[in-house]
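# Coordinates in review
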Amino acid sequence: MTSRLPSNLSPCPDRYARAPLVARGGPAPHTRLYPPSAALYGAVMAVVSRDIRHVPLTDAQRLSHFPASPVVCLTVYQGFDVGLVHDTPAGARWTPHGTRVTLSGSQSMPTTTWATTGGRGVMVCFPANVAKILFGVNLSEIQDRFVCAWAALANDWHPFLDAFAEAPDDAATMAVLDHYLAPRWQTLQPERSALTSLRLAGQRWVEGLAFQALQWRQTHSPRQVERRIKTHTGRSLREWQALVKTEGVFFAARDRLEAGESFDWAEMAQDEGFADQAHMSRMAKRITGFSPTEFTQRYMEDESFWLYRLWV
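Here the structure is a predicted model, which means the values were calculated and not measured. (Residues numbered from 1 in each chain as written. Predicted model: local features only at pLDDT ≥ 70, side-chain atom pairs only at ≥ 80, totals over all residues. Heavy atoms only, no water.)

## Things to note about the sheet that holds strand E8 (residues 101-104)
Read from one edge to the other, the open sheet built from six strands follows the order E2-E3-E10-E5-E8-E11, with strand pairing classed as antiparallel. At either end of the open sheet lies a strand with only one pairing partner, and these are strand E2 (30-34) and strand E11 (146-148). Across the sheet, the mean angle from the axis of one strand to that of its neighbour is 20°, orientation sign disregarded. Two strands pair when backbone bridges link them, and strand E5 (residues 72-78) and E8 are joined in this way by four bridges, in the antiparallel orientation. Bridge assignment links Leu 74 to a residue of E8, and that residue is Leu 103. Each of E5 and strand E10 (120-126) touches helix H1 (residues 128-135); the most contacted strand, E10, lies at about 95° to it. (Pairing = 2+ DSSP bridges. Helix = DSSP H or I, 4+ residues; strand = E, 2+ residues; numbered from the N terminus. Axes fitted to C-alpha atoms, helices over the stretch in contact; angles between N-to-C directions. Contact = heavy atoms within 4.5 Å.)

## With respect to unusual backbone geometry
Excluding glycine, a negative phi dihedral is what most residues carry, and trans is how most peptide bonds are arranged. Positive phi is not limited to glycine here, since Asp 144 has a value of about 60°. Note on placement: Asp 144 falls in the loop between helix H2 (139-142) and E11.

## Section: the nonpolar core
Within the largest apolar cluster, 35 residues are counted, with the highest numbers of intra-cluster contacts made by Leu 74, Val 101, Phe 126, Phe 135, Phe 160, Phe 164 and Leu 181. Elements with a contribution of two residues or more to this core: E5, E8, E10, H1, H2, helix H3 (149-152), helix H4 (158-166) and helix H5 (170-188). Not counting chain neighbours up to four residues away, the residues in contact with Leu 74 comprise Val 101, Thr 102, Leu 103, Val 122, Met 123, Val 124, Phe 126, Phe 135, Ala 149, Phe 160, Leu 161 and Phe 164. Residues Met 45, Met 123, Cys 125 and Trp 306 belong to the second largest nonpolar core, which totals 12 residues. (Core = buried A, V, L, I, M, F, W, Y, C linked by side-chain atoms within 4.5 Å. Buried < 20%, exposed > 50% of the residue type's maximum accessible area, 1.4 Å probe, protein only.)

## Remarks on the side chain of Asp 302
Relative to the helices and strands, Asp 302 is located in the loop between helix H11 (292-301) and helix H12 (306-311). Residue class for Asp 302 comes out buried when judged on its relative accessible area of 2%. In contact with Asp 302, not counting residues within four places along its chain, are Ala 17, Arg 18, Ala 19, Leu 21 and Arg 309.

## Some thoughts on the environment of Leu 188
Following the sequence through the fold, Leu 188 ends up in helix H5. Along the sequence, Leu 188 and Val 130 sit 58 residues apart, while their C-alpha atoms lie 9.6 Å from each other. In this structure, Leu 188 is in contact with Ile 133 and Leu 134, ignoring residues within four places of it in sequence.

## Topic: the packing of aromatic side chains
In total, this model carries 13 aromatic pairs according to the counting rule given. Relative to Phe 135, the ring of Phe 126 has its centre 5.1 Å away and its plane inclined at 85°; by these criteria the two rings are edge-to-face. Given a relative accessible area of 6%, Phe 135 falls into the buried group. Among the aromatic residues, those joined into a ring-pair cluster are Tyr 16, Phe 290, Phe 295, Tyr 299, Phe 305 and Tyr 308. Directly above the aromatic system of Trp 157 lies the positively charged group of Arg 184, at a separation of 3.8 Å from the ring centroid. (Phe/Tyr/Trp six-rings, centres within 6.5 Å; stacked < 30°, edge-to-face > 60°. Lys NZ or Arg CZ within 6 Å of the ring centre and 35° of its normal.)

## Here's the deal with the confidence of the model for the chain
Averaged over every residue, the pLDDT of the chain is 83; the share at 70 or more is 78%. Segment residues 190-197 is flagged for pLDDT under 50; beyond a separation of four residues in sequence, or across chains, it makes 14 contacts in the model. (pLDDT = per-residue confidence, 0-100.)

## Details of the pattern of salt bridges
One pass over the full model with this rule turns up 11 salt bridges. For Arg 120, the salt bridge identified is with Asp 170, shortest N-O distance 3.0 Å. Of this pair, Arg 120 sits in strand E10 while Asp 170 sits in helix H5; the two residues are 50 residues apart in sequence, bridging distant segments of the chain. This pair shows no difference in class: Arg 120 is buried, exactly as Asp 170 is. In this structure, the salt-bridge partner of Asp 156 is Arg 184, at a minimum N-O distance of 3.7 Å. (Salt bridge = Lys/Arg side-chain N within 4 Å of Asp/Glu carboxyl O.)

## Section: the pairing of strand E7 (residues 91-96)
It is a general feature of regular strands that their side chains alternate between the two faces of the sheet. Two strands pair when backbone bridges link them, and strand E6 (residues 82-88) and E7 are joined in this way by six bridges, in the antiparallel orientation. Residue pairing for E7: Gly 83 is matched across the bridge by Pro 96.

## Considering the pairing of E6
Counting buried positions over the seven residues of E6 gives six, a clear majority of the element. The sheet contact formed by E6 and strand E9 (residues 111-115) spans three bridges and is antiparallel. Looking at the pairing, Val 82 lines up with Ala 115 of E9. The antiparallel hairpin formed by E6 and E7 contains two residues in its connecting segment.

## What about H4?
Of the positions making up H4, those classed as buried are His 158, Phe 160, Leu 161, Phe 164 and Ala 165. On an axial view of H4, the arc spanned by its buried residues comes to 155°, and they lie on one face. Those residues of H4 that are buried lie in contact with E5, E8, E10, H3 and H5. (Arc of directions from axis to C-beta.)

## Quick word on the packing of H1 against H5
Across the interface, H1 lies against H5 with an axial gap of 10 Å and an inter-helix angle of 100°. In terms of their interaxial angle, H1 and H5 are classed as roughly perpendicular. Each of Val 130, Ile 133, Leu 134 and Phe 135 in H1 lies in contact with H5, whose residues at this interface are Leu 181, Arg 184, Trp 185 and Leu 188. Looking at the contact of H1 with H5, its residues break down into seven nonpolar, no polar and one charged. (Parallel < 35°, antiparallel > 145°, perpendicular 65-115°, else oblique. Nonpolar A, V, L, I, M, F, W, Y, C, P; charged D, E, K, R; others polar.)

Now the structure itself:
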């Protein structure tokens, strides 16, 4: 996918620069993944917090790599400027988000961000269907974009965004989410079900979408069904299925790593339902930007892969 680059680009580290893990024994980034409270089960997949205000990181270590993903995120940036890294003919260039809180839609390609200094960031992750009904957003309008949350959401959401932007620590952030989101979610989904496993969250979302497509096919042509799915979710059912299937490779690789087992990529490709190893490698690179072998090395060694280590 191509898009016109913004005009306010500034030099930054190469997005593929190696970023060694912070040395043990010294100050380390505060990096946490929190499950939702009981009141927000089904609405929030997870809350990710990272605080690097008191850690001396190099420019490359302030890069962050993110996969292509079906997740919709609301992210606050405290005390630093964060933005996307772009590849240009003149080299890597960076453009700040220009807001303290962004709303980002599903991403069809891997992204890389860079922070100019240390700061604190918190990312709240929502299933796409929940974001659509909870915030009243058009998913196709925020797909592959990071937009100002105050501009994207209705005025009655602004007190929540103000409180979210100012919450000083993780406990305060979780309290803000409960105070503002839980009542609305309980009204919308009084009999919600708990999504307690990150491993299954994407799979359940796609299974539900496939069931919806099956229902629509009873009264609509295949082309109409595909158009409705893309309008409803921002991308095609096949694209959603490919994202979730490839995500399964990351979880399987993590399991083997923790068990001290060797990686047999051909066997893993077969186990996860790919046509062959080459097919799996192409999909992994499409989602992460790296081949499975390089991704595994960076997952273990690079500070900038902190989100993968936290999530997978």
